[in-house]
Every structure is written in C-alpha cells, then in structure tokens.
Amino acid sequence: MTPAEKLVEFLTPNLGAEIHVGPWLAIDQERIDRFAEATGDIQWIHIDPKRAASESPFGATVAHGCLTLSLLPFLTESNHPDFFQRNYPGMRYRVNYGFNRVRFPAPVVVGSRLRARTVLKEIERVGDGVQVVYLYTIEIEGKEKPACIAEFVARVYP
C-alpha cells in the first residue's frame, strides 16, 4: 500500500466529522493595527477607535475579514510541532492549495474572542498525494453567527 493510500485509509473514518476545536484567541486593537500596517488596509473602521465608536454600526473597530482568515494556523493549531505527523502519518509535506469558498457572516468587534471548529469534508487521491478539504467555522464567543466559514483545500505528499 502506498503512503497516500495509507493516509486515505487513516482519514476515512473521520470523514464528515468534527475533528478539532481550537483554543480561544482574543482580538485586540494592537493585532488589528499590525494587520492594517502589514496589508495597507487602513480603513477607519479598523484602525480609528474613536471614529468607529461614533460612526460605525458596530460601536467599535472591527477586525479585517482577511485578518480573521489569516488566524487559521493558530486557531486550528496546525502550527503545533506535532500536528503534521499526528494528522498525516507517513507523509512528508503539505501545501495550501486554496479555498473553495470563504464567507464572513458576522463582524469581529475588537475585544471579541474567536475559536475554530474543523470538519473533515473531503478526501481525494491526487497523483501521488492526497487532497484534503476541511470546513472551518470560526466562532465568536457569545454570538450565534460565526465570523468566518471557509472551505480550505490542502494537498499532502509522501
């Protein structure tokens, strides 16, 4: 059996299941400001707390949608040292292939706490590797609507 076939066999029992709930992360103004500086997205709704308090429908600054999305490595703990071998035994590397769909149903107001839930959505052999699709839901603590719903595609190779 090839490494890719072994990985498909390893992952298949969890297909369609929630496989991870990540840690909570507080979103503060400093993080929002650093993201604004790094990306050049300096709209007042993100970086001007005084103006946002008086003019924004949210009553405060809000995180950029792309900031929320960029936090997935932390929120899913895929940056953890043992993540790779625990999730992809027998494989050597994973590449981010892209997103099938991304939505931002609710704003992330400064001071909110976020966490991600992960569902293993699809597994498919691709060449000598495996394509894995995850459904990520980034929750806002105490809110009904999530901050982000993203279908992420990764490819894993031996």
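Fair warning: this is a prediction, and the values are worked out from it, not measured in the lab.

Caption draft 1: A look at the overall build of the protein chain. Check the secondary structure of the protein chain and you find seven helices and six strands. For the protein chain, the α and β elements follow one another from N to C terminus as α-β-β-α-α-α-α-α-α-β-β-β-β. With the C-alpha coordinates aligned to their principal axes, the bounding extent of the protein chain is approximately 65 × 30 × 25 Å. Going through the 158 residues of the protein chain one by one, you find that 39% of them count as buried. Contacts in the protein chain between residues at least 24 apart in sequence constitute 68% of all its contacts with a sequence separation of at least 6. Carbon and sulfur atoms form 52% of the exposed surface of the protein chain, whose accessible area is close to 8700 Å².

Caption draft 2: Representation of the pattern of salt bridges in the model. This structure, assessed with the given rule, holds nine salt bridges. The shortest N-O distance in the salt bridge between E139 and R115 comes to 2.7 Å. Of this pair, E139 sits in strand β5 (residues 129-140) while R115 sits in strand β4 (residues 113-126), and the two are 24 residues apart along the sequence. In this structure, R117 and E139 form a salt bridge, with 2.8 Å as the shortest nitrogen-oxygen distance. Separated by 22 residues along the polypeptide, R117 in strand β4 and E139 in strand β5 bring together distant segments of the chain. Assessed through its relative accessible area of 23%, R117 is described here as partly exposed. Each of the salt bridges in this network shares a partner with another, and the network as a whole consists of E18, R115, R117 and E139.

Caption draft 3: Seen up close, the layout of surface pockets. Taken as a whole, the largest pocket holds about 200 Å³ of empty space. Around the largest pocket, the lining residues are L69, L72, P73, T76, S78, N79, F83, R94, N96, F99, Y136 and F152. If you list the elements that add at least two residues to the lining of the largest pocket, you get α6 (72-75) and β3 (93-103). Looking at which element gives the most residues to the lining of the largest pocket, the answer is β3, with three residues. Residues belonging to the lining of the largest pocket are distributed by class as follows: seven nonpolar, four polar and one charged.

Caption draft 4: A look at the packing of aromatic side chains. Using the criterion set out here, one finds six aromatic pairs in the structure. Where Y93 meets Y157, the ring centres are 5.3 Å apart and the plane angle is 25°; that geometry is what we call stacked. One end of the pair, Y93, is in strand β3; the other, Y157, is in strand β6 (residues 148-157), with 64 residues separating them in the sequence. Judged by its relative accessible area of 16%, Y157 is buried.

Caption draft 5: Quick look at the nonpolar core. In terms of nonpolar packing, the biggest core is built from 35 residues, with I27, Y88, L114, V132 and I138 touching the most fellow members. For this core, the elements supplying multiple residues, two or more each, are α1 (3-11), α2 (29-39), α5 (65-70), α6, α7 (83-87), β4, β5 and β6. Here this core gets six residues from one element, more than from any other, and that element is β5.

Thresholds applied
Residues numbered from 1 in each chain as written. Predicted model: local features only at pLDDT ≥ 70, side-chain atom pairs only at ≥ 80, totals over all residues. Heavy atoms only, no water. Helix = DSSP H or I, 4+ residues; strand = E, 2+ residues; numbered from the N terminus. Buried < 20%, exposed > 50% of the residue type's maximum accessible area, 1.4 Å probe, protein only. Contact = heavy atoms within 4.5 Å. Areas by Shrake-Rupley, 256 points an atom, 1.4 Å probe, with all protein chains shown as cover. Salt bridge = Lys/Arg side-chain N within 4 Å of Asp/Glu carboxyl O. 1 Å grid on protein atoms, 1.4 Å probe; cavity = no way out; pocket = protein on both sides within 12 Å on 5 of 7 lines; lining within 4 Å. Points joined across faces, edges and corners; volume = space filled by probe spheres on them. Nonpolar A, V, L, I, M, F, W, Y, C, P; charged D, E, K, R; others polar. Phe/Tyr/Trp six-rings, centres within 6.5 Å; stacked < 30°, edge-to-face > 60°. Core = buried A, V, L, I, M, F, W, Y, C linked by side-chain atoms within 4.5 Å.

Keep in mind that these numbers describe shape and distance, not what the molecule does.
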